[in-house]
Amino acid sequence: SGFARSSHSNSGRIAAQMDLQTMLNMRHVAPFRNMAHELLGQLSDTSDTLERWVKVQLMWCALESVFTGGDIAKQMPRETRKFVKVNKASECRNVVTCCADELLLNSL
């Protein structure tokens, strides 16, 4: 189910963050310390953004049922067109890249 996948993904992100944090404390990582630090920051930012994104997605699903048919969509044609346009706008395929987008971060 979606909840199980979400929980698994969250544990995977946490594990990756913990692995990077552990690596940062090892003396052998010195040549890669800056890169590991950057990756840790990216994972942390991505995790935070995804948590917010899930909340927005839940609200969006409720709006989708309103604007995809029925009387409300007919009574509010301009808003329905805007919703349909925005609903088709996001085509980002790389979640880390998408989560680093400043416009997305500011709008969530």
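Just so we're clear, the structure is a prediction, and the values are computed from it rather than from any experiment. (Residues numbered from 1 in each chain as written. Predicted model: local features only at pLDDT ≥ 70, side-chain atom pairs only at ≥ 80, totals over all residues. Heavy atoms only, no water.)

Observations concerning the overall build of the protein
Next up, step 1: On a plain count of helices and strands, the protein comes out with six helices and zero strands.
Next up, step 2: Shown N-terminal to C-terminal, the secondary structure of the protein runs as helices and strands in the order α-α-α-α-α-α.
Next up, step 3: The buried share of the protein, taken over its 108 residues, is 17%. (Helix = DSSP H or I, 4+ residues; strand = E, 2+ residues; numbered from the N terminus. Buried < 20%, exposed > 50% of the residue type's maximum accessible area, 1.4 Å probe, protein only.)

Brief notes about helix α2 (residues 33–67)
Next up, step 1: In this model, α2 (35 residues) spans 49 Å end to end at C-alpha, consistent with the 51 Å of a helix rising 1.5 Å per residue.
Next up, step 2: Among the residues of α2, Ala-36, Leu-40, Thr-46, Ser-47, Thr-49, Leu-50 and Phe-67 are the ones counted as buried. (Expected span 1.5 Å × (residues − 1).)

Section: the side chain of Thr-49
Next up, step 1: Mapped onto the secondary structure, Thr-49 falls in helix α2.
Next up, step 2: Judged by relative accessible area, Thr-49 falls into the buried class, the value being 0%.
Next up, step 3: For Thr-49, the side chain forms a polar contact with the main-chain oxygen of Asp-45, separated by 2.9 Å. (Polar contact = N/O pair within 3.5 Å; in protein donor to acceptor, adjacent residues only side chain to side chain.)

Some words on a nonpolar patch on the surface
Next up, step 1: Judged by side-chain polarity, Phe-32, Met-35 and Leu-39 come together as a nonpolar surface patch covering roughly 300 Å² of accessible area.
Next up, step 2: Within the secondary structure layout, Met-35 lies in helix α2. (Patch = residues over 30% accessible without salt bridge, like charges linked within 9 Å, V, L, I, M, F, W, Y side chains within 5 Å. Areas by Shrake-Rupley, 256 points an atom, 1.4 Å probe, with all protein chains shown as cover. Salt bridge = Lys/Arg side-chain N within 4 Å of Asp/Glu carboxyl O.)

Overview of the packing of aromatic side chains
Next up, step 1: Applying the stated criterion across every chain yields a total of two aromatic pairs.
Next up, step 2: Arranged with centres 4.5 Å apart and planes meeting at 20 degrees, the rings of Trp-60 and Phe-83 form a pair that is stacked. Taken as a pair, Trp-60 in helix α2 and Phe-83 in helix α4 (residues 77–89) lie far apart in primary sequence, 23 residues in all.
Next up, step 3: For the pair Phe-67 and Phe-83, a centre-to-centre distance of 5.1 Å together with 25 degrees between the ring planes defines the contact as stacked. Placement of Phe-67 in helix α2 and of Phe-83 in helix α4 is noted, with a sequence separation of 16 residues between them. (Phe/Tyr/Trp six-rings, centres within 6.5 Å; stacked < 30°, edge-to-face > 60°.)

The quantities given are spatial measurements derived from coordinates; they are silent on function.
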